[in-house]
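Descriptive structure summary
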4 protein chains.
Amino acid sequence: MMSTDFVHHPFHDEDGDSLREECGVFGVVGARDAAAVSALGLHALQHRGQEAAGIVSYDGQEFHVRRGNGHVAENFGTGEAMAELPGTMACGHVRYSTTGGTGLRNVQPLYAELASGGFAIAHNGNISNAMHLRSDLVRRGAIFQGTADTEVIIHLVATSRYPTLLDKFVDALRMLEGAYSLICSTPAGMIACRDPLGIRPLVMGHIPEKNGKGAVVFASETVALDIVGANFDREVEPGELIEVDLDGKTTSHRPFTKTASRPCIFEHVYFSRPDSISAGQSVYSVRKAIGQQLAIESPADVDLVIPVPDSGVPAAIGYAQESGVPFELGIIRSHYVGRTFIQPSDGARTNSVSRKHNANRALVAGKRIVLIDDSIVRGTTSLKIVQMMRDAGATEVHMRIASPPTMHSCFYGVDTPERNKLLAARMDMEAMREFIQADSLAFVSIDGLYRAVGEAERKPKCPQYCDACFTGDYPTRLTDLAEKTHAGQLNLAPGKPEKVA
Amino acid sequence: MMSTDFVHHPFHDEDGDSLREECGVFGVVGARDAAAVSALGLHALQHRGQEAAGIVSYDGQEFHVRRGNGHVAENFGTGEAMAELPGTMACGHVRYSTTGGTGLRNVQPLYAELASGGFAIAHNGNISNAMHLRSDLVRRGAIFQGTADTEVIIHLVATSRYPTLLDKFVDALRMLEGAYSLICSTPAGMIACRDPLGIRPLVMGHIPEKNGKGAVVFASETVALDIVGANFDREVEPGELIEVDLDGKTTSHRPFTKTASRPCIFEHVYFSRPDSISAGQSVYSVRKAIGQQLAIESPADVDLVIPVPDSGVPAAIGYAQESGVPFELGIIRSHYVGRTFIQPSDGARTNSVSRKHNANRALVAGKRIVLIDDSIVRGTTSLKIVQMMRDAGATEVHMRIASPPTMHSCFYGVDTPERNKLLAARMDMEAMREFIQADSLAFVSIDGLYRAVGEAERKPKCPQYCDACFTGDYPTRLTDLAEKTHAGQLNLAPGKPEKVA
Amino acid sequence: MMSTDFVHHPFHDEDGDSLREECGVFGVVGARDAAAVSALGLHALQHRGQEAAGIVSYDGQEFHVRRGNGHVAENFGTGEAMAELPGTMACGHVRYSTTGGTGLRNVQPLYAELASGGFAIAHNGNISNAMHLRSDLVRRGAIFQGTADTEVIIHLVATSRYPTLLDKFVDALRMLEGAYSLICSTPAGMIACRDPLGIRPLVMGHIPEKNGKGAVVFASETVALDIVGANFDREVEPGELIEVDLDGKTTSHRPFTKTASRPCIFEHVYFSRPDSISAGQSVYSVRKAIGQQLAIESPADVDLVIPVPDSGVPAAIGYAQESGVPFELGIIRSHYVGRTFIQPSDGARTNSVSRKHNANRALVAGKRIVLIDDSIVRGTTSLKIVQMMRDAGATEVHMRIASPPTMHSCFYGVDTPERNKLLAARMDMEAMREFIQADSLAFVSIDGLYRAVGEAERKPKCPQYCDACFTGDYPTRLTDLAEKTHAGQLNLAPGKPEKVA
Amino acid sequence: MMSTDFVHHPFHDEDGDSLREECGVFGVVGARDAAAVSALGLHALQHRGQEAAGIVSYDGQEFHVRRGNGHVAENFGTGEAMAELPGTMACGHVRYSTTGGTGLRNVQPLYAELASGGFAIAHNGNISNAMHLRSDLVRRGAIFQGTADTEVIIHLVATSRYPTLLDKFVDALRMLEGAYSLICSTPAGMIACRDPLGIRPLVMGHIPEKNGKGAVVFASETVALDIVGANFDREVEPGELIEVDLDGKTTSHRPFTKTASRPCIFEHVYFSRPDSISAGQSVYSVRKAIGQQLAIESPADVDLVIPVPDSGVPAAIGYAQESGVPFELGIIRSHYVGRTFIQPSDGARTNSVSRKHNANRALVAGKRIVLIDDSIVRGTTSLKIVQMMRDAGATEVHMRIASPPTMHSCFYGVDTPERNKLLAARMDMEAMREFIQADSLAFVSIDGLYRAVGEAERKPKCPQYCDACFTGDYPTRLTDLAEKTHAGQLNLAPGKPEKVA
């Protein structure tokens, strides 16, 4: 009865040994088939969230909502689906798990009928004081349908006492802390905005039209502009709010005090597609540069450079080019990763790693190899892959990681395991090496990472990026966490970003 | 109502501009959970057929059949599915389209209750006189359920007048022409065999067990042995029939006059997974060697070597290593290829090529590039990809193909377009180059291809491989084709292989 | 994805020529498997609403919600469904169409997390000032999920400034006008109440347990008590609110000024099952008594008394017994009424009446007959049935209707066509007879109807029942209707019930 | 995934305490939308088989097949379904359980491509030597797809050595023993036939068309003619074979030696719809006459005559009219019978009888009643219904059964329990009365039953009907049963009908 989705994020195993971006957003104003454009755009953002997808369109009179579990193609591939979503403005969302199993209540865009009319919202990020705000709203009579932090924003808008919708919306934003890139639809047009630190990405472009007037497009990544034939204009700036009316006229607002931005550096390392331009740079080039840094910082005397597919490939190319060691596909990955398989009682290797990856035995047998991977989370995948290489006859297996050790949880929209499950939070370098049974292990340094993104180094007083997962240096307050774990213990002074160890 | 399968062969677009292997087969005798082992094995063969899958198990008393449209994981991923398939012997099949839309009648393994007991059969290949045999059987009262040529084999067995099942089976095989690798289950055990020319592959291995007695495994490719933890023992020889009883005892039979074998050379070029060992050679190494041949035969004065992902990657690595030009990912492919998307009326590029491939603009802009692809079928994909590279700013786009021109249809189990749709059958080299709008175009030579597989050259009198798709040199009679197109015209003398232009 | 429900209300055709009760409610406190008890109870109320069903259970810690389109058995027949609904308290709901096609948002019981904790509500009836209240709530920032009037009640509770939940609930009820029988679950127990006029029914009973302590049960009709093995204790009184704590202790409240009750008289005529006890009387006996009244008021000189099945059967038995004319099944109804069938272009009679009803030709041929039906709505069904009898050879066809002419719409929870579609609102008696092509036509008189329910006559100043569909005498204000049609025109004085013609 | 069918045969409980007709057949030649006509016709025959339905149409060029589990309306209610079934000739089938759970292989009409062209067959009845014939066919190389006895007929036709299809078909029929009413489609037209004894019914009619030329229709019962607007022409005679060509020209053949016919008398008692004409008589009138016979043979001194709904109603009307005791609905049946409900651990009555039937307490309390039911199979339903009446306060409960005791299994297409589960085969009259706990129990006599169908009495030497379920007097050989239970024991002399005790 359910549409079944058997194919998973190509970069992950199902054992939870991964980090997961939680969302991608897309919006378009002024396209003849806005929902079809949005479906394509979301399809290009599918890697940012594969559990559910939704589109809300507006036809000048009414809003139309369609949401479902599963991939974009499953929910929006048919003409029937598009016929349900008429209009020239649409916004859409892809997301990871609908936590709590409560069906579609949390699938975005959320939609509500406010006194001012319909209001749709798609959110990438995480509000770190959502529980706090929610409690207060419920005390005042608000009725919540789901558990998503995004719903808090709608209630803040609905109950704001400012006169205009834009004022109400800004009033709501001011109460938020954390990370948010938002795309909203109203009967007057679209609103796109990014939190003051610009933690999550948001870009803007336009589809040129023959008859002169084009459509305005917003998306989490530039690849979504590419697929819909849009030109990339610029990023939505951190702290910027852009209004687009139904005629495509755009107005930029700056409702926040200007602060230094802190975009997520992990977007470069892992989340964004390599063909995206993020924070002004080619993600592919950055990843290659990380590999080159790694080769400089941590060379390995080996015969072959082998990527852990697919996310380790660009860094491995960089590593190979810098080191002069040949780049070879020593691990072949299957494109068909079933969610579950029954474990035979015989000797079959049925873990998700071996269902997805197979050693290219003829290549690696008798060779010394260095494996290049993007990150280590729990370490279980690395262990299995090292073992797979040894079983295939590799005589030495070295591991190089294209990011610094992941030691802290993310509270800004990335689904990380709890801290005590992160390998790098539990062990020192030698213990990690031993755990994954590699002959040597090295991570790129934090400054090496900053160099790869074109900085001279990380400025410790005022880091150019959010790198809290590596450093614990959280750029915002974390009210919900503080309240959950007792403010006293965390000594979270109001107004001041805190480092949570 | 149906489980929907939105993700397609990673190597294809949906425009039919591709060749498609039609099947993969797997069998195991003596494993405690034979169906679960088979599900894993078929999963590793998923690239050989993605439209439908089936497994038949035998528990010593009864046969159990389960077949379905869709991927292996969709049909065999659950404990319920496995519970329906008890027993220590099982055979399975993955296939491409169930032609005719007649539901599950053609999904294999086929199963029938013969006078001798249950009989299951899984077939990779194509019987080139199936229509001829079928007409004769129907005239004698046989009732066919489906359109698959495989059903002919069952009826030949059922109506054979030999006394034992093995005799009946050999009697049936002797009437067949064409390509077949077969795995059959009977109450006495398993029968695996390969046609006299060995056109389609079939390998044999065993799962070692701690208590000394292991399971015997057959599969289309060695990757299916890897995933179930089996050791690769040897290929089933062309013209060999191997009986395995329920205790795992194997007996080899040679029911045919010995002839020189002619395995399909395209398995190396395209069908087999790069981590498989085919005809004694690493598929990955052969593909790299083809790339090296190409670089020697047809160098290009360029800045970057760019594979058309994913199937062009090994040849591109070989080409880059031979030429010294850097290997780079200039095309990024999405792993989420929805079957259909509605075409917006705006400027979005919604063809399947652009939904699956995106240019890495930052990399290719301003560069001279050479693209490496495995083959050209209709040419439409090549045209789109060349265009995509030019749109992204490449200044020169050269194309190199890791196979000779595909000029003839296959009648041995590969779904090729009709001859008049094959670009190389319609145009000369320069016209092809013009059609795909490349700055230069070259294919590896037929002798270059043979050198890559380790031969000195192709022996024209007695070619070492079936290369009919390149040469039109068909190694068997093609009775059905001859009868369809009037024997007179083709002058097909009985018993003599014919070249069909 | 959808469960498909092909079998419809046995008493209706699909042409909309019918009245439809909109809901049934059920609740139980103190039963070991409260959800399973509720599923059975709702199953017995299925005739009151067949489009959707829901149950909310409470296990002492948490609320569990399950709702779905389709029949109770489809949604709650499995052990898995029950396992999702643990606890000893549960309330449930069956309903007619989820108007607007917006999926499950309007399926009840509705559930919300209030500041006071979880709150589930199941509602039978209709709030005649719901739109008015809703507009006001939205203006104050409330966000509505669905279009059901019931959601208004939750928001009124959530935003009430009274201190306790019970006070908030009563505060909310005081703002309502219209008809409501409500069953609510809170962490403290169950609340059941009925509007001051008692328009919709609600009964109370208990399941005796061996160990002394039983469960308290509420339901729309006594048949739901029968099926769960509960004894019928009494009706919930009009204007009464009963609290039941988790230990089963009940407390009765009277939050409204006492007024004369006005239960819906149509429950006797049509909605309730004949084996229910409604307003202290056997529905079956009342219907037979109506038939007897009809025979006295409007005799017919005929050979056979024939019920229009199934709802006309009890009245036909009464008519036959009073008149002495034999009761016979001249119309046979099929129990399989498919929602749709394609109309062949040939002569087949494919309207829903002929798919559901067939003439017993051998019986009626050559006979004079009187048909007994419960009501006439649009008249289209009556026309077809009269025609069917004539086609079968009946020489005279008389029609007797076991209710007065239905001339006015219901605003209290019955889905009636708009007034201008009601046959009796458009035509006089002779025109109606001519329309349905009967030889004679008669309805029971309004006083005859009151006599059948045991009254001497209808008291015009203070009618004992709500009979607005027959008389236009609406017992409450109809604010939404008045605002929709301009208060001025209707001259609706505040506080005074109005007759809307 | 599956369409779910939650509503069951109205006459049955799910405890298996019932007899079940196994099939209904329908065919039409010369109708513009033959499939739509067939869908309606099958819908009217739904009571004869509710588990699966199928239609095969022929458009002059090709046959089109559609079959599915579930009701006719579920499978053939949509325009899409009809669009798959073009043509002016169609035949269809409804059936009970697809025994063995092997999906759709046994759902009829069966279809095969023979040397002579397409051949579709729909069968009502049971071939009592099917296993015997099947074994022989398999030995000769036939491959069976399903387990249905009907498939034997196709293989007999396919392997017959007669020259024409009609000759082959008659050749096949001559080998059959048992009961069969068959409707077959071939490229030349339709063939309808009935076994020599005419055990199962088959009627013939035509749809009159305005332009003079009508369609020919065959069906199991006349109600299927009524619903498609066809006139009833006559029964297909026992032993008659009627050919209809595509122009509607009919030819009658008599391929068998003339014998006295033996139609199934139970069709009158139970299977056929009351509005059908069976063997020249109104089923409703026969059932009333049985009730009258019962009242004469076994009067009861009671206050009320109460039918067990719905199948007992006509007999109860007859009993009431003959006895002068009032007919009343003392048991109300629900039209919503869910397949399963979870048993609460509390006191709820959840057996299928109480989910389907409820006592009309107000009516029966304090009364002496006689219950009229059609038959007793295992007796468990009768026990529950008697108990229900006593619980409702009936002071005396008498039971009268409108058929003689069912003591023998049927081998002609009715799904009866094994003999040792039939109450009447296990107990004498007094023991049965005690088992069901009635105050008295009586069955109509076998001669009374014959009188009700218009005979003076049963002719013991040459009974006018097949009444084997009451008498054990089987009118054909039962080869499969004999071989299964050892011919020696049964002493089955060839050619002579045997009484199997």
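Rules used in this analysis
- Just so you know, the residues in each chain are numbered from 1, in the order the chain's sequence is written.
- Just so you know, chain letters begin at A and ligand numbers begin at 1, following the order they were written in.
- Confidence filtering applies because this is a predicted model: local features only for residues at pLDDT of at least 70, side-chain atom pairs given and counted only at 80 or more, and all residues used for totals across whole chains, interfaces and linings.
- As a rule here, side-chain values cover all heavy atoms of the structure and leave hydrogens and water aside.
- As annotated, the domain borders come from an automatic or database domain assignment.
- We call two residues in contact when some of their heavy atoms are within 4.5 Å.
- Using a 1.4 Å probe, buried area is obtained as the accessible area two parts lose upon being combined, added over both of them.
- Salt bridge, as used here, is a side-chain nitrogen of Lys or Arg placed within 4 Å of a carboxyl oxygen of Asp or Glu.
- Pairs of N or O atoms are called polar contacts if they sit within 3.5 Å, as long as, within protein, a hydrogen donor faces a hydrogen acceptor (for residues adjacent in sequence, only side-chain-to-side-chain pairs).
- Only DSSP runs of H or I reaching four residues or more are called helices, and only runs of E reaching two or more are called strands; each is numbered from the N terminus.
- All amino acids are sorted into three groups, where Ala, Val, Leu, Ile, Met, Phe, Trp, Tyr, Cys and Pro are nonpolar, Asp, Glu, Lys and Arg are charged, and the leftover types, Gly among them, are polar.
- Throughout, exposure labels follow a simple rule: accessible area from a 1.4 Å probe, protein chains only, divided by the maximum for the residue type, with under 20% read as buried, over 50% as exposed, and the rest as partly exposed.
- UniProt positions are given in the numbering used here, feature names are shortened, and annotations may be inferred rather than shown by experiment.
- Only strands that DSSP links by at least two bridges are regarded as paired with each other.
- Definition of nonpolar core: a set of buried residues of the types Ala, Val, Leu, Ile, Met, Phe, Trp, Tyr and Cys, connected through side-chain atoms within 4.5 Å.
- Each axis is a line fitted through C-alpha atoms, taken for helices only over the stretch in contact, and angles between the N-to-C directions span 0 to 180 degrees.
- Planes of paired rings set the category: under 30 degrees apart is stacked, over 60 is edge-to-face and the rest tilted, where pairs are Phe, Tyr or Trp rings (Trp by its six-membered ring) whose centres lie within 6.5 Å.
- The rule for a charge over a ring is simple: NZ of Lys or CZ of Arg within 6 Å of the ring centre, and within 35 degrees of the ring normal.

Turning our attention to the domain arrangement of chain A. Residues and elements named next belong to chain A. We note that the domain assignment places domain 1 (20-261) and domain 2 (282-334 + 353-471) within chain A. Centre-to-centre separation of domain 1 and domain 2, based on C-alpha positions: 34 Å. Contacts between the two partners involve 11 residues from domain 1 and, on the opposite side, nine residues from domain 2. Buried area between domain 1 and domain 2, both sides added, is near 800 Å², and the carbon and sulfur share of it is 51%. Run the count over domain 1 and domain 2 and you get zero salt bridges. Our count for the domain 1 to domain 2 interface comes out at two residue pairs in polar contact (both at pLDDT 80 or more). Elements supplying a minimum of two residues to the side of domain 1 that touches domain 2: β1 (20-21), β7 (117-127) and β8 (178-186). For the side of domain 1 that touches domain 2, a count of residues per class yields three nonpolar, four polar and four charged.

With that settled, consider helix α1 (residues 34-44) of chain D. Counting buried positions along α1(D) gives 11 out of 11 residues, so the element sits mostly inside the fold. Taken together, the buried positions of α1(D) are occupied by Ala34(D), Ala35(D), Ala36(D), Val37(D), Ser38(D), Ala39(D), Leu40(D), Gly41(D), Leu42(D), His43(D) and Ala44(D).

Our focus in this paragraph is the UniProt feature "binding site: Mg(2+)" (unreviewed entry) in chain A. Residues and elements named next belong to chain A. Taking the UniProt record as the reference, the feature "binding site: Mg(2+)" (unreviewed entry) is found at Ser311, Asp373 and Asp374. The greatest C-alpha distance among the annotated residues, which extend across 64 residues, is 7.1 Å, indicating that they converge on a single site. With respect to the helices and strands, the residue aspartate 373 is situated in strand β20 (residues 368-373). For aspartate 373, a relative accessible area of 9% gives the class buried. With residues near it in sequence (within four places) discarded, aspartate 373 still touches Val308, Ser311, Met399, Arg400, Ile401 and Ala402.

So, on to the pairing of strand β13 (residues 241-245) of chain B. With five bridges joining them, strand β9 (residues 189-194) of chain B and β13(B) adopt antiparallel strand pairing. Across the sheet, the residue bridging to Ala192(B) is Ile242(B), located in β13(B).

Within the largest apolar cluster, 148 residues are counted, with the highest numbers of intra-cluster contacts made by Phe327(C), Leu371(C), Met389(C), Phe327(D), Leu371(D) and Met389(D). Not counting chain neighbours up to four residues away, the residues in contact with Leu371(D) comprise Ile306(D), Val308(D), Ile331(D), Ile385(D), Val386(D), Met389(D), Val397(D), His398(D), Met399(D) and Arg400(D). Membership of the second largest hydrophobic core comes to 147 residues, among which are Ile369(A), Cys466(A), Ala300(B) and Ile372(B).

Let us now look at the pattern of salt bridges. All names here are of chain A. Inspection of the entire model under this criterion finds 79 salt bridges over all chains. The residue arginine 48 makes a salt bridge to glutamate 267 at a minimum N-O spacing of 2.9 Å. With a gap of 219 residues between them, arginine 48 in the loop between α1 (34-44) and β3 (52-58) and glutamate 267 in helix α8 (residues 266-271) connect regions that are remote in the sequence. Using a relative accessible area of 0% as the deciding quantity, one classes arginine 48 as buried. Accessibility expressed as a relative area gives 1% for glutamate 267, which makes it buried.

When you tally the buried positions in helix α10 (residues 313-323) of chain C, you get eight out of 11 residues, the bulk of the element. Inspection of α10(C) places Val313(C), Pro314(C), Ala315(C), Ala316(C), Ile317(C), Gly318(C), Tyr319(C) and Ala320(C) among the buried residues, and these make up the whole buried set.

So, on to the sheet that holds strand β23 (residues 440-443) of chain C. Residues and elements named next belong to chain C. On the basis of which strands lie adjacent, the open sheet formed by four strands has the order β17-β20-β21-β23 and parallel pairing. Where the open sheet ends on each side, the last strands, each with one partner, are β17 (304-307) and β23. Taken pair by pair, the neighbouring strands of this sheet meet at an average axis angle of 20°, ignoring direction. Here helix α13 (residues 380-391) sits on the sheet and contacts β20 (368-373) and β21 (396-401); the angle it forms with β21, its principal contact strand, is near 150°. Along the sheet, helix α15 (residues 429-436) contacts β21 and β23; its crossing angle with β23, the most-contacted strand, is approximately 125°.

A few words on unusual backbone geometry. Residue and element names in this part refer to chain D. For the bond running from glutamine 108 to proline 109, omega is -5°, close enough to zero to count as cis. Looking at the secondary structure, you find proline 109 in the loop between β5 (89-95) and β6 (110-114). The omega torsion of the bond from proline 309 to aspartate 310 falls at -10°, within 30 degrees of zero and hence cis. Within the fold, aspartate 310 resides in the loop between β17 (304-307) and α10 (313-323). Positive phi, close to 50°, is recorded for alanine 279, a residue that is not glycine. With respect to the helices, strands and loops of the structure, alanine 279 is situated in the loop between β15 (277-278) and β16 (281-282). For glutamine 437, which is not glycine, the phi torsion reads 60° and is therefore positive. Counting through the fold element by element, glutamine 437 comes out in the loop between α15 (429-436) and β23 (440-443). The class of glutamine 437 is partly exposed, set by a relative accessible area of 40%.

Let us now look at the sheet that holds strand β2 (residues 23-29) of chain A. Strand pairing in a sheet is mediated by backbone hydrogen bonds. Such pairs are either parallel or antiparallel. All names here are of chain A. Across the sheet, seven strands lie side by side as β4-β3-β5-β2-β11-β10-β12; this open sheet has antiparallel pairing. The open sheet is flanked by β4 (63-69) and β12 (231-235), the only strands paired with a single partner. Looking at each pair of strands side by side, their axes are set apart by 15° on average, direction ignored. Taken together, the seven bridges between β3 and β4 define a ladder with antiparallel strand orientation. Residue pairing across strands places serine 57 opposite histidine 64, the latter belonging to β4.

All chains considered together, the criterion is met by 42 aromatic pairs over all chains. With 4.4 Å between their ring centres and 35° between their planes, Tyr58(C) and Phe63(C) make a pair best called tilted. Its relative accessible area of 7% is what places Tyr58(C) among the buried residues. Look at Phe63(C) and you get buried, because its relative accessible area is 12%. Taken together, Phe266(A), Tyr270(A), Phe271(A) and Phe470(A) form an aromatic cluster joined through their ring pairs. Over the ring of Phe76(C) we find Arg66(C), and its NZ or CZ is 6.0 Å from the ring centre.

Below, the discussion takes up the side chain of Arg200(B). Topologically, Arg200(B) is positioned in the loop between β9 and β10 (203-207). A polar atom in the side chain of Arg200(B) sits 2.9 Å from the backbone oxygen of Tyr412(B).

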